[in-house]
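Chain by chain, the residues:
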There are 2 protein chains.
Amino acid sequence: MAKELTEKQFLKRYDIHEFDIPLTSVDMAIFTIRGGELQVLLVKRAQHPSKGLWALPGGFIDLKKDRTLSDTAHRKLLEKTGVDTPYLEQVESFGSADRDARGWSVTVAYLALITCDDIVLAADESSEEVTWMSVEKVEQEMDLAFDHQAILDVCHDRLKNKVQYTSLPINLLPTEFTLTELQKTFEIILGIPVEKKSFRRRILDADILEETGGMKTGSNRPAKLYSTKPEGVKHFFSRSIEGPRR
Amino acid sequence: MAKELTEKQFLKRYDIHEFDIPLTSVDMAIFTIRGGELQVLLVKRAQHPSKGLWALPGGFIDLKKDRTLSDTAHRKLLEKTGVDTPYLEQVESFGSADRDARGWSVTVAYLALITCDDIVLAADESSEEVTWMSVEKVEQEMDLAFDHQAILDVCHDRLKNKVQYTSLPINLLPTEFTLTELQKTFEIILGIPVEKKSFRRRILDADILEETGGMKTGSNRPAKLYSTKPEGVKHFFSRSIEGPRR
DNA sequence: TGACATAGTGTCTATAGACCACTAACATAG
DNA sequence: CTATGTTAGTGGTCTATAGACACTATGTCA
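In short, a report on the structure. (Residues numbered from 1 in each chain as written. Chains lettered and ligands numbered in written order. Predicted model: local features only at pLDDT ≥ 70, side-chain atom pairs only at ≥ 80, totals over all residues. Heavy atoms only, no water.)

Attention now goes to the packing of helix α4 (residues 148-165) of chain B against helix α5 (residues 179-190) of chain B. When two helices pack together, their arrangement is given by the angle between their axes and by how far apart the axes lie. All names here are of chain B. It is the contact of α4 with α5, at a shortest axis distance of 9 Å, that shows an interaxial angle of 140°. By the angle class used here, α4 and α5 are oblique. When you trace α4 past α5, the crossing you get is left-handed. Each of Leu159, Lys160, Val163 and Gln164 in α4 lies in contact with α5, whose residues at this interface are Phe186, Ile189 and Leu190. (Axes fitted to C-alpha atoms, helices over the stretch in contact; angles between N-to-C directions. Helix = DSSP H or I, 4+ residues; strand = E, 2+ residues; numbered from the N terminus. Parallel < 35°, antiparallel > 145°, perpendicular 65-115°, else oblique. Left-handed = near helix turned anticlockwise from the far one by under 90°. Contact = heavy atoms within 4.5 Å.)

Buried accessible area, meaning the area lost when the parts come together, often serves as the stated size of an interface. Contact residues are listed per partner, giving 27 residues for chain B and 27 residues for chain A. Together, the buried faces of chain B and chain A total about 2700 Å²; carbon and sulfur atoms form 58% of this surface. Between the two partners, chain B and chain A, sit ten residue pairs in polar contact (both at pLDDT 80 or more). Sorting the residues of the side of chain B that touches chain A by element identifies α1 (7-14), β1 (23-34), β5 (87-96) and β6 (105-113) of chain B as the ones contributing at least two each. The biggest single contributor to the side of chain B that touches chain A is β5(B), with six residues. In the side of chain B that touches chain A, the residues fall into 14 nonpolar, six polar and seven charged. (Buried area = accessible area lost by both parts, 1.4 Å probe. Polar contact = N/O pair within 3.5 Å; in protein donor to acceptor, adjacent residues only side chain to side chain. Nonpolar A, V, L, I, M, F, W, Y, C, P; charged D, E, K, R; others polar.)

The next subject is the pattern of salt bridges. Pairs may arise between side chains of opposite charge once their charged atoms sit close together. On inspection of all chains with the given rule, the structure shows 30 salt bridges over all chains. Two residues, A:Lys160 and A:Asp157, come together in a salt bridge whose shortest N-O distance is 3.8 Å. Here A:Asp157 and A:Lys160 lie together in helix α4 (residues 148-165), a separation of three residues that amounts to about one turn. In this structure, the salt-bridge partner of B:Lys65 is B:Asp62, at a minimum N-O distance of 3.9 Å. With relative accessibility at 9%, the residue B:Asp62 sits in the buried group. Through salt bridges with shared partners, a single network forms among A:Asp66, A:Arg75, A:Lys76 and A:Glu79. (Salt bridge = Lys/Arg side-chain N within 4 Å of Asp/Glu carboxyl O. Buried < 20%, exposed > 50% of the residue type's maximum accessible area, 1.4 Å probe, protein only.)

Right, dumping it as structure tokens:
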């Protein structure tokens, strides 16, 4: 595939400047919670263009293997993380004449949420450098390849926005979790404290969780463990989380 | 451009089955309110594939003219309707091996809202047949080209959803309108009646409209005319429109 | 056995939409 | 020149749900 070619070979193979159709790819913002932070998976580019810069994982559609766009996304997710499909959502497409040095290109951005301990990093045979990086740090200090900074921003905004009125963060936790852990996850993504009672009421009333019967013990009162009901994973609340008023 | 070619010429020109990159296009669901209905703009396909079937307007990216994807969308909107940019939003991309008989293809779907009387239909030099059609009718009875039925569904859902918590329908009205006209527009899109007092409070409290000073007279009490404030066009409400409870 | 820490609850307030009946202001018919 | 109809616009109550915050419960560990 394209990835193994040098730029010159690539240009020759695709004869890009003769085309009047754009190159189309898929890029992913794969989020997880690690060390109390929201982190995103980055790959160091091994080829031209933007060689050596960190980038969102992604690549070209494989017309043989992939039947649909989401097949491509699932394949990429699997290649980079070794897991599949906890949560995958198409976010937005970015296309312009100058976002890629190779010419007019379009990329379809996907957002994925995965549980930290599912991860077997860099199961990719191409042995690129792969790493988790704090989203905050990436957005403030780093210079990503192509327009990946903008793509990450949009995916991050989408995540923050959806967390307001859905139970999405459940996908960032292992199958069993306590309500406090879930609340912490919401707080990390939203970046604001969430009121305990309101939070618990919302989640419980939404009727998407069930008690597993187990308890999480520590050096204090044990907490009930919950898992998501088989049916509903994401569920819409009637209002968004409003956070403290004063 | 591609449009003037026969399938055979097209295949030859693009040598499609040699590529391992997909064809990428833009398709649009252009909505308006006409005759008390939500209607969508359709174009009759003059070429293979799906020749003779109605389709959403759209086409390939023009790598010379368009700098970005939204340029392509704006251009298509202008070509078909003679107007530009009252409201344009990217919705979702659809890509698969079999959505287009020509091979693997990706299309980026856009949603546009325009005011009915802005419209100068079929300003397109290619003199295709262009028409407005009731969305309800299209979704129930018609067979659109490619996967355009699915694309329309997604765009329609997005519209209905956004209307719940934004002032989006303002873009379907002329610059001056009465609150009752705006309410009617919401009701047409939502398909349910909306309570007058709550609606007016919501809209007025959102502080996105200003009185123009003019009045709309008829054979009854005249109504104040409003226009959108220069700053805010779309604005988010804190809750969605709930409609009648019983 | 008591300090502590975290889990989990009772209950009040504030907000904003639903509901519905009311008043206001025009055109037009008689 | 009034009566009537029709639509514009409002007042005021009801209700659902989120925020606030203090309270109780239940474990560990020194």
